[in-house]
Amino acid sequence: MASGETGAQAVGAPSGASSFVKHLRPHPPKPPKEQHSKSGRNLPAAIITGLSLLALVGLSLAFRKELFGLMVIVFLAIGIWEATGAFLARNIRIPLIPLVGAMVVMCAFTWTHGLGFSFVMFTASIAVVMLWRVLMDSNRAITDGIAAAFVLGWLAFSGCFAIAILAMPEGVLGIVALVLLPVASDTGGFQMGVMFGKHPIAASISPKKSWEGFLGSLILSLVASFLVVGFLMDLGRWWALLFGVVTPILATMGDFSESLLKRDLGIKDMGSIFPGHGGMLDRLDSILFVAPTFYLFFALAYDLL
């Protein structure tokens, strides 16, 4: 009996390991569970998840800003993993390993040498990824390679702007602004949209995005901007006003862009790792969309250009 049990365990062990590996492989996201609340999401879970992520960001910045840089790399890697799975819904196969490797190198070069070197690595990485796909499957190399280049620019290169902001003289406060302003915009838009939303901005793209919600985004974004940019960073009311107005515009454009992408891919959410929030990309879309503009504004404000 003992030898039989040992043999059964030996046979079962690889199955468990292979199941774990299979779970880690990119796969199309599962449809979210239907929510019957007016908000359309599990609100208590969403609040807990959102506060936990903010606490994680705050602790990393308070302890050592390089730790936040490592967290950016981890978040981007998860985002790339989600994106490769999402594109599989249309049978587009993006090579995960070279994309994650390219992203790590781009972020590292941004930290040590600046955005210029990151752009050089970005263009070189596109060539490497295209070659990778040709060697793996020449019949689909062009389609898959173009999709991979899109993901690399959308996530890795946009994420490098966050690293570049972190490397600035007031980098920690710059990251606080980069995170809090889009969060404030999303929160204000969500609350006002749920309570008063009646007039959709673009019903064919995202029917829940309303002009009333956009007003809430603008109000809360301005409050956060005057607190962080105007007061904590001491950049003055005009910069605070500019950041506060631009953030909800860009954040809304980011939401619409991802909504269009998800519609083309035939999926509801990019992932499901965060209860009440969807996937990593559903949390990063607004931040990634505003990051290049925030970098430009901060560089102008601190005379770094």
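Reading the values: the criteria
- Residues numbered from 1 in each chain as written.
- Predicted model: local features only at pLDDT ≥ 70, side-chain atom pairs only at ≥ 80, totals over all residues.
- Heavy atoms only, no water.
- Helix = DSSP H or I, 4+ residues; strand = E, 2+ residues; numbered from the N terminus.
- Contact = heavy atoms within 4.5 Å.
- Salt bridge = Lys/Arg side-chain N within 4 Å of Asp/Glu carboxyl O.
- Buried < 20%, exposed > 50% of the residue type's maximum accessible area, 1.4 Å probe, protein only.
- Phe/Tyr/Trp six-rings, centres within 6.5 Å; stacked < 30°, edge-to-face > 60°.
- Axes fitted to C-alpha atoms, helices over the stretch in contact; angles between N-to-C directions.
- Parallel < 35°, antiparallel > 145°, perpendicular 65-115°, else oblique.
- Left-handed = near helix turned anticlockwise from the far one by under 90°.
- Nonpolar A, V, L, I, M, F, W, Y, C, P; charged D, E, K, R; others polar.
- Core = buried A, V, L, I, M, F, W, Y, C linked by side-chain atoms within 4.5 Å.

**Q** Describe the environment of Met192, listing the residues and the values that go with them.
**A** Mapping Met192 onto the fold places it in helix α7 (residues 171-196). Residues Met192 and Leu215, 23 residues apart in the sequence, show an inter-C-alpha distance of 7.6 Å. Leaving out residues up to four positions away in the same chain, Met192 has contacts with Gly197, Glu212, Gly213, Leu215 and Gly216.

**Q** Can you explain the pattern of salt bridges? Please cite residues and give values.
**A** On inspection of all chains with the given rule, the structure shows four salt bridges. The residue Lys262 makes a salt bridge to Glu258 at a minimum N-O spacing of 3.9 Å. In this pair, Lys262 and Glu258 both sit in helix α9 (residues 237-265), four residues apart, roughly one turn of the helix. A single burial state applies to Lys262 and to Glu258, both of which are buried.

**Q** Can you break down the packing of aromatic side chains residue by residue, with the values?
**A** Applying the stated criterion across every chain yields a total of 15 aromatic pairs. Measuring from ring centre to ring centre gives 5.4 Å for Phe157 and Phe161, while their planes differ by 75°; the resulting arrangement is edge-to-face. Of this pair, Phe157 and Phe161 both sit in helix α6 (residues 141-166), four residues apart, which is roughly one turn of the helix. Across the pair, exposure class does not vary: Phe157 and Phe161 are buried alike.

**Q** Break down the packing of α7 against helix α10 (residues 280-301) for me, with residues and values.
**A** It is the contact of α7 with α10, at a shortest axis distance of 10 Å, that shows an interaxial angle of 135°. One element, α7, and the other, α10, form an angle in the oblique class. Helix-helix and strand crossings are classified by hand; for α7 and α10 the assignment is right-handed. Taken together, the residues of α10 that come into contact with α7 (itself represented by Gly174, Ala177, Leu178, Val179, Leu181, Pro182 and Asp186) are Ser286, Ile287, Val290, Ala291, Phe294 and Phe298. Taken together, the residues that form the contact of α7 with α10 break down as ten nonpolar, two polar and one charged.

**Q** I'd like to hear about the nonpolar core, residue by residue, with values.
**A** Among the nonpolar cores identified, the biggest contains 69 residues, and Leu178, Phe294 and Phe298 are the most heavily contacted of them. A total of 15 residues in this core trace back to one element, the largest contributor, which is α6. The residues touching Phe298, leaving out its near neighbours within four places in the chain, are Ile165, Met168, Gly174, Ala177, Met233, Leu235 and Phe243.

**Q** Tell me about the environment of Leu96, and name the residues and values.
**A** The topology assignment puts Leu96 in helix α4 (residues 96-113). When its relative accessible area of 22% is taken as the criterion, Leu96 is described as partly exposed. The spacing of Leu96 and Glu82 is 14 residues in sequence and 9.8 Å in space, taken between C-alpha atoms. Beyond its immediate chain neighbours, meaning those up to four positions away, Leu96 contacts Pro26, Ile80, Trp81 and Thr84.

**Q** How would you sum up unusual backbone geometry? Please name residues and give values.
**A** In this structure, Asp234 is a non-glycine residue whose phi angle is positive, near 55°. Looking at the element boundaries, Asp234 is found in the loop between α8 (211-232) and α9. Residues other than glycine seldom take positive phi values, yet Asp303 does so here, at roughly 55°. Its location among the elements puts Asp303 in the segment after α10. Assessed through its relative accessible area of 68%, Asp303 is described here as exposed.

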